[in-house]
Amino acid sequence: MNVHWTETAQEHLDAIYGYIAKDSPEYALRMVDRLTRRSQQIAHAPLSGRRVPEYELDQIREMIEGPYRIIYHIKPDQIDILAIIHGSRNVL
């Protein structure tokens, strides 16, 4: 299934890179790579992510990668990556 990164999710990815790159551009690149590679797993097995606890919809799921939550929406024709947030932050 096709995975689409929303503008918001792309902005989150850029912000994560910028924050980590202040200390280590190399580690920032590795983290962004890990996060984007997760979209391959999501594409092949969208239901492998758990339901987002803050929502009660089966179509809104998340994958955990390091300290980050990759939140996505399963649609009939594609999967939208909605957000990438730090696990300590509240979704709502």
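Conventions adopted
Residues numbered from 1 in each chain as written. Predicted model: local features only at pLDDT ≥ 70, side-chain atom pairs only at ≥ 80, totals over all residues. Heavy atoms only, no water. Helix = DSSP H or I, 4+ residues; strand = E, 2+ residues; numbered from the N terminus. Expected span 1.5 Å × (residues − 1). Contact = heavy atoms within 4.5 Å. Core = buried A, V, L, I, M, F, W, Y, C linked by side-chain atoms within 4.5 Å. Buried < 20%, exposed > 50% of the residue type's maximum accessible area, 1.4 Å probe, protein only. Pairing = 2+ DSSP bridges. Axes fitted to C-alpha atoms, helices over the stretch in contact; angles between N-to-C directions. Parallel < 35°, antiparallel > 145°, perpendicular 65-115°, else oblique. Left-handed = near helix turned anticlockwise from the far one by under 90°. Polar contact = N/O pair within 3.5 Å; in protein donor to acceptor, adjacent residues only side chain to side chain.

(A) Just helix α2 (residues 25-44), in detail. When the terminal C-alpha atoms of α2 are compared, their 30 Å separation across 20 residues agrees well with the 28 Å that a helix rising 1.5 Å per residue should span. For α2, the secondary structure elements touched by its buried residues are β1 (3-5), α1 (7-21), β3 (60-65), β4 (68-74) and β5 (79-86).

(B) Just the nonpolar core, in detail. Grouped together as the largest cluster of nonpolar side chains are 19 residues, with contacts concentrated most on L35 and I84. With residues near it in sequence (within four places) discarded, I84 still touches W5, A9, H12, L13, I16, L35, Y68, R69 and I70. Ranked by size, the runner-up nonpolar core spans five residues in total, among them V52, I71, A83 and I85.

(C) A look at the sheet that holds β1. On the basis of which strands lie adjacent, the open sheet formed by five strands has the order β1-β5-β4-β3-β2 and mixed pairing. Both edges of this open sheet fall to β1 and β2 (50-51), since each of them pairs with a single strand only. Sheet topology note: the β2/β3 ladder contains two bridges and is antiparallel. Of the residues in β3, the one forming a bridge with R51 is R61. Each of β1, β4 and β5 is contacted by α1, which is oriented at about 30° to β5, the strand it contacts most. Sheet strands in contact with α2 are β1, β3, β4 and β5, and its direction is about 140° off that of β3.

(D) Spotlight on the environment of A43. Take A43: it is sitting in helix α2. On the accessibility criterion, A43 (17% relative accessible area) is buried. Through-space distance from the C-alpha of A43 to that of N2 is 6.4 Å; in sequence the pair is 41 residues apart. Contact partners of A43, with chain neighbours within four places excluded, come to M1, V3 and I79.

(E) Summary view of the packing of α1 against α2. At a minimum axis distance of 7 Å, the contact between α1 and α2 shows a crossing angle of 155°. Of the possible angle classes, the one that applies to α1 and α2 is roughly antiparallel. In terms of crossing hand, the pair formed by α1 and α2 is right-handed. Contacts from L13, I16, Y17, I20 and A21 of α1 reach α2 at P25, Y27, A28, L29, M31, V32, L35 and T36.

(F) The arrangement of the side chain of R69 in detail. Relative to the elements of secondary structure, R69 occurs in strand β4. Classification of R69 by relative accessible area gives buried; the value is 7%. Looking at R69, its side chain comes within polar contact range of the side chain of E54, at 2.8 Å.

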